[in-house]
Amino acid sequence: MAQLERAKFGSKLGVILATAGSAVGLGNVWRFPYLAGENGGAAFMLVYIGCVLLLGMPCMVAEFIVGRRAQANAARAFRSLGGRTPLGLVGYMGVVTGLLITGYYAVVSGWCVEYIYASAAGHFAGATPEQTSLYFADFESDPVKPVVWMVLVFLATHWVIVHGVRDGIERASKLMMPALFVLLLVIVVASCCLPGAWSGVEFLFKPDFSKVDGGVFLSALGQAFYSLSIGMGCMCTYASYFSRQTRLGTSAMQIGVIVILVAVLSGLMIFPAAFSVGIKPDSGPSLIFITLPNVFRDAFSFAPALGYVVAILFYILLTLAALTSLISLHEVSTAFLHEELHITRKRAAAIVTAAGIVLGALCSLSLTGAGGLRLFGMTLFSLCDFVTGQVLMPFGGFLICLLVGWYLPHKIVREEFTNRGTLRGRWLHLFVFAVKYVCPLGIALIFLNQIGAI
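Residues numbered from 1 in each chain as written. Predicted model: local features only at pLDDT ≥ 70, side-chain atom pairs only at ≥ 80, totals over all residues. Heavy atoms only, no water.

### Section: the packing of aromatic side chains
Then step 1. Scanning the model with the defined rule gives 26 aromatic pairs in all.
Then step 2. Judged by centre distance (6.0 Å) and plane angle (85°), the ring pair of Y92 and F336 falls under edge-to-face. Of this pair, Y92 sits in helix α5 (residues 90–120) while F336 sits in helix α14 (residues 304–340), and the two are 244 residues apart along the sequence.
Then step 3. With a centroid separation of 5.9 Å and an interplanar angle of 50°, the aromatic rings of F296 and F314 are classed as tilted. Placement of the pair is F296 in helix α13 (residues 287–299) and F314 in helix α14, with a sequence separation of 18 residues. (Phe/Tyr/Trp six-rings, centres within 6.5 Å; stacked < 30°, edge-to-face > 60°. Helix = DSSP H or I, 4+ residues; strand = E, 2+ residues; numbered from the N terminus.)

Listed below in structure tokens is the structure:
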């Protein structure tokens, strides 16, 4: 009976936009440009696209199969299909991964809200690139303001989550995602029209493979899984809300294309502007925040009022993009507590929100130089990013492939892939080959190369 009453997405568009909203967001708009900037630009992008197509999308379909088959939260889904084997614990790892990401991700979302305020207040009017860089550095090191914005972001996410799947998650995604695409295109055009922008275009599209090493492959693999929300329980949880008519392979392909497109557009938005105003592309997590204010100032110098409006709208949409991903991360833990502890959805959401706020505050304070918030030479913020993005998610994808490719009966995989025989499933054999051999071997080789074993 519980499965019959489980919430469902109301439309095919809702499925695509909600799952794409989980994948797109800050993972591509914020994280991809700074990782590409740190890892050689075009060469990193090509490796990233290869990881998305060859490793990411088969893993996504595998996670879809687990979620829809089990019709439960991530932890219960893997436990029910993986039994008492270690593979049954993958869902718990996904819940932990999602919660860790939720904490520091909300901090970055709070940065977006700060830039709505700063743009509206005219703080970047006439500012030089050095001044915009200094503004971000001062804000990031403030022990109070980033935490306040982070809390407000969590409260907004909480409001959407307690309204459920259709009225909350699906409705918000249908509004946020199309608006993000339109405004992203506007900023790309503005960035590429800046003086000296061509150097940034070359950085993104002219590869230098001499810069490619094991670290680049691991970063690209982590970003592929991060941008597709694999191994953190999101895709499994959302798939549990899919109808039996949802085409898993088609959905994964559409999401993968959207993710790659947004990554390329994000690069075109950031790098031409960075080279135009003399900002180094390897500036790290702050890249998008110290680059774009200069775009709005210089690209719209002929109409400052228009630049003012576009800047505000962009940071609003960037915040909304962050919310779509944060909503999916929050939902993983909320569904877990709601179903495993048998408490109301509102109470489960409140617990997750409170835990996320505490973790987010610690991550934010670690950037201020607060003592005791550094581990292994990294801030708590950077540590959460590294551990989740380059360790837990790729490892989770590896285990998901083992479960679907080697442990689950082929009959179950075939039934889910073909919607219980209503689809031809002409790509089924290729998918099975990918999750049994290509994905596990590819992920393992990248890890072994990074640690120097091969």
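From this point on, the discussion continues.
### A closer look at helix α6 (residues 129–140)
Then step 1. With twelve residues, α6 extends 17 Å from end C-alpha to end C-alpha; this agrees with the ideal 16 Å at 1.5 Å per step.
Then step 2. Among the residues making up α6, those that are buried are P129, T132, Y135, F136 and F139. For α6, the angular spread of the buried residues around the axis is 120°, confining them to a single face. Facing away from the buried surface of α6 by more than 90 degrees, the exposed residues are E130 and L134.
Then step 3. Elements in contact with the buried residues of α6: α5, α7 (145–162), α12 (248–277) and α13. (Expected span 1.5 Å × (residues − 1). Buried < 20%, exposed > 50% of the residue type's maximum accessible area, 1.4 Å probe, protein only. Arc of directions from axis to C-beta. Contact = heavy atoms within 4.5 Å.)

### Some words on the confidence of the model for the protein
When pLDDT is low, close inspection of the predicted coordinates is not appropriate.
Then step 1. Here the protein averages 84 in pLDDT, and 89% of its residues register 70 or above.
Then step 2. Of the regions scoring below 50 in pLDDT, residues 1–6 engages in eight contacts with residues more than four places distant in sequence or in other chains. (pLDDT = per-residue confidence, 0-100.)

### Considering a nonpolar patch on the surface
Then step 1. Taken together, the side chains of L53, L54, W406, F433, Y437 and V438 define a hydrophobic patch exposed on the protein surface, amounting to about 600 Å² of accessible area.
Then step 2. Mapped onto the nonpolar patch, the elements with two or more residues apiece are α3 (42–70) and α18 (428–450).
Then step 3. Of all the elements, α18 adds the most residues to the nonpolar patch, at three residues.
Then step 4. With respect to the secondary-structure elements, L54 resides in helix α3. (Patch = residues over 30% accessible without salt bridge, like charges linked within 9 Å, V, L, I, M, F, W, Y side chains within 5 Å. Areas by Shrake-Rupley, 256 points an atom, 1.4 Å probe, with all protein chains shown as cover. Salt bridge = Lys/Arg side-chain N within 4 Å of Asp/Glu carboxyl O.)

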